[in-house]
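# Geometric and topological summary
The chain contents come next:
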Amino acid sequence: MNHLTHPAHPVQRTRGCAADRYAPPEVDRLEVVRLAALHGYDLLDTPADPALDAVVRLAAAIAGVATATINLIDAHRQCQLSAVGFAGGPSERSESLCARNLGHPEVVHVPDARRDPRYRDSAWVDGRFADVVFYVSLPLVTAEGHHLGSLCVFDVVRRELTPDQLARLRDLADVVMALLEGHRRHREQQRLVAEVEEQRELAELTLTELEAREEFTRALLTSVDVGVLACDAAGRLTVVNPTARRLHGRDADLGLPASEFARAHGLHAADGRTPLEPEEAPLWRALVEGHVRDVEVVIAPAGRTPVRVLCTGRALHDHAGRVIGAVVAMQDITTDRARIHALEVAGEQLRRQGRDLACAVTELRRSNDELGDLAAVASHDLAAPLTSVLGYLELVLDVHGGALGGEGREWLATAMRAAHRMQGLIEAVLDHARADSTGLDVRPVVVSDVLTHVVEDLGATAVQAEIVLTGTSRTAHADPVLLRQLLQNLVGNSVRYRSPERPCRVEVRVRDLAGGGWELAVADNGRGIPPGQREQVFAMFAVAVSAENTAENTGARRPGHGIGLATCRRIVARHGGRISVEETPGGGATLRAAFPPAQAPRWGASGVAVALT
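Note that the coordinates shown come from a computational prediction; the quantities given were computed from them, not determined experimentally.

## Here's the deal with the packing of aromatic side chains
Using the criterion set out here, one finds four aromatic pairs in the structure. Ring geometry for W518 against F595: centres 4.3 Å apart, planes inclined by 5°, an arrangement best described as stacked. Here the residue W518 occupies a position in strand 17 (residues 518–524), and F595 occupies one in strand 19 (residues 589–595), the gap between them amounting to 77 residues. Here W518 matches F595 in class, with each residue buried. Positioned above the aromatic ring of Y41, the side-chain terminus of R184 is 5.8 Å from the ring centre.

## Details of the pairing of strand 7 (residues 227–232)
Buried residues dominate strand 7, accounting for six of its six residues. Along strand 7, one buried face is formed by G227, L229 and C231 and the opposite face, lined by V228, A230 and D232, is buried too. Examined bridge by bridge, strand 7 and strand 12 (residues 323–332) share six bridges and lie antiparallel to one another. Note that in strand 12 the partner of D232 across the bridge is G325. Pairing geometry for strand 7 and strand 8 (residues 237–240), over three bridges, is antiparallel. In the sheet register, C231 faces strand 8, and the bridge partner there is L237. Two successive antiparallel strands, strand 7 and strand 8, enclose a turn made up of four residues, where G235 displays a positive phi of approximately 90°.

## Brief notes about the pattern of salt bridges
This structure, assessed with the given rule, holds 33 salt bridges. Note that D112 is salt-bridged to R115, the shortest N-O span being 3.5 Å. For D112, a relative accessible area of 10% puts it in the buried group. A relative accessible area of 69% places R115 in the exposed class.

## Considering the side chain of H268
Mapped onto the elements of the fold, H268 is located in strand 9 (residues 267–268). Judged by relative accessible area, H268 falls into the buried class, the value being 14%. For H268, the residues in contact, after removing those within four places along its chain, are R273, T274, P275, L276, V297, V298 and A300.

## Here's the deal with the confidence of the model for the protein chain
Put simply, the protein chain has an average pLDDT of 81, and 81% of its residues get 70 or more. Under a pLDDT of 50 for its full length, residues 551–557 has, in the predicted model, six contacts with residues more than four places off or in other chains. Here residues 600–613 scores under 50 on pLDDT; set against residues more than four positions off or in separate chains, the count is 28 contacts.

## Observations concerning the side chain of S96
Its place among the elements puts S96 in the loop between strand 3 (91–92) and strand 4 (108–110). By relative accessible area, which is 0% here, S96 ends up buried. A polar contact is formed between the side chain of S96 and the backbone nitrogen of C98, at a distance of 3.2 Å. Excluding anything up to four places from it in sequence, S96 contacts I73 and Q78.

## Some points on the nonpolar core
Counting residues in hydrophobic clusters, the biggest one holds 37 residues, and the most contacted among them are L483, L486, L487 and L520. Elements supplying a minimum of two residues to this core: helix 8 (447–458), strand 15 (475–478), helix 10 (480–496), strand 16 (504–512), strand 17, helix 12 (564–574), strand 18 (578–583) and strand 19. Considering every element that reaches this core, the biggest residue donor is helix 10, with seven residues. With near-sequence residues (within four places) excluded, L486 lies in contact with L520, C568, I571, V572 and F595. The next biggest cluster of nonpolar side chains, apart from the first, holds 32 residues, and it includes L44, V56, L81 and L172.

## Here's the deal with the packing of helix 10 against helix 12
Axis separation between helix 10 and helix 12 bottoms out at 9 Å; the angle between their running directions is 145°. Both helix 10 and helix 12 take part in a crossing whose hand is left-handed. Residues L482, Q485, L486, N489, L490 and N493 of helix 10 lie in contact with helix 12, whose contacting residues are G564, L565, T567, C568, I571, V572 and R574.

## So, the sheet that holds strand 16
Across the sheet, five strands lie side by side as 14-16-17-19-18; this open sheet has mixed pairing. One side of each edge strand has no neighbouring strand; the edge strands of this open sheet are strand 14 (465–471) and strand 18. Each strand axis lies, on average, 15° off the axis of its neighbour in the sheet, ignoring direction. As paired strands, strand 17 and strand 19 are joined by six bridges and run antiparallel to one another. Looking at strand 19, one finds that E519 is bridged to A594. The sheet strands contacting helix 10 are strand 14, strand 16, strand 17, strand 18 and strand 19, and the helix crosses strand 17 at an angle near 25°.

About the criteria used
Residues numbered from 1 in each chain as written. Predicted model: local features only at pLDDT ≥ 70, side-chain atom pairs only at ≥ 80, totals over all residues. Heavy atoms only, no water. Phe/Tyr/Trp six-rings, centres within 6.5 Å; stacked < 30°, edge-to-face > 60°. Helix = DSSP H or I, 4+ residues; strand = E, 2+ residues; numbered from the N terminus. Buried < 20%, exposed > 50% of the residue type's maximum accessible area, 1.4 Å probe, protein only. Lys NZ or Arg CZ within 6 Å of the ring centre and 35° of its normal. Pairing = 2+ DSSP bridges. Salt bridge = Lys/Arg side-chain N within 4 Å of Asp/Glu carboxyl O. Contact = heavy atoms within 4.5 Å. pLDDT = per-residue confidence, 0-100. Polar contact = N/O pair within 3.5 Å; in protein donor to acceptor, adjacent residues only side chain to side chain. Core = buried A, V, L, I, M, F, W, Y, C linked by side-chain atoms within 4.5 Å. Axes fitted to C-alpha atoms, helices over the stretch in contact; angles between N-to-C directions. Left-handed = near helix turned anticlockwise from the far one by under 90°.

Now the structure itself:
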């Protein structure tokens, strides 16, 4: 039987061929359907099946031959699904004997193919591949009428089968189709089982994911500090998170219609007094109207402190756009509203206090103006008669001094000293009043020129002291009149309160400040100012008290009127600056006046920064 071995293929036990699953363009529609049915059995590339091998052996036995095969006809090839008596293998469809019978519904019984015009030119018959003589082909047809191939028996000698043999072979062809159909159903069942298993696994994964999402949603709704209410399409409550229960003061009943929610939980309008109608409840409005935003509601059930909430919600829709429910989020704004109310009350109080303060400031300014005028008038009215008193006292002393005797002259000298002191006090009060009454004319001023005039004004008093000007700058921006008054008070105080233990030295320093502006410092080596009195010396009629200038210790008169430093603070404040006092290294006092640059924040009279207007 070596004549039946296909010369182009090695001997192999595994049957099948690489299936060409695409029909050529010229194949008609029926062929396309047949090929689809063939490939639906998924047998072309599968290992040999023992049951089919048994059928092939039985077919060979019934026909009394040694060779038999099951051939399936693909688009381009003949594939031998099972074979006995020779090494089966694929071959071109054009060379196949069975392909020539494709579509023939009856059994093909050829005793001698060499004499049959249908087969005698085949390579399987004329010796090119084999020397087939006897050939029987039984069609393998599906229930739908699709011809898949053939069960065939053949031999190299002439034979002829009996009708009974042909009938048994037809039975075997039916058995082959039953086996093929069973294979297809089994494969389909496996596919269905696999799909079912896949769907089951997918369902389990989906269920697990849904459970995880539900757990996450539950945890989220439990943890957020926002009340959440939801209802279904009929308006029945389906979700009430713990915050919503806390806000309502009781467990909201699931299944309660949203239309009854307002009455059941004491919902009121933003005024806290007007009960909401059923259709005004935010959840019901969201369901009916589609959305609500920033609706303020007061929850005030009987016997419970009202809670004010801000509600925002919307209707829920499925993929088809149908309304399936609604959800509302509620934010507790009770504390916020209370704070806002408190702020509004405080704001109104501040506005009222501001109005009262403005009135007080206006009244204070009026009073200050009147006091300034009064001080000027009073000082003038006092200065004129005081000058007359001093003149007559001097005349009495000059004309009648000899007749008064020593005690009388002493009494007259005491009266003149008191009058001079009163005259100095009047001049100091006038200077203090003028510090605020004159206009402010800030411009560059040469400090050395101003200091020269100050020393001249101090006269004999300044001769007793060493007064020097130092510093990195000789020019300052200030009102020249007020700067002269400032220096006269500061230098005069330094000379007046000199130490009896050492020669008096006064140093006037002018320097530019790093952040802008400039500083005037007057440092002396005098008696100094105790730390506890360095702020109070700037008050009216305040004089620093120390062991050196206490009248009880020295028996000396009070050296000043206590107005000079108060006038200095007012002058510096008018320039937008501030003044302070510190100890001079080695003893004494240093007065520092800091002046800010133009158009910059300035310090007020109390040392607090103020803005220029």
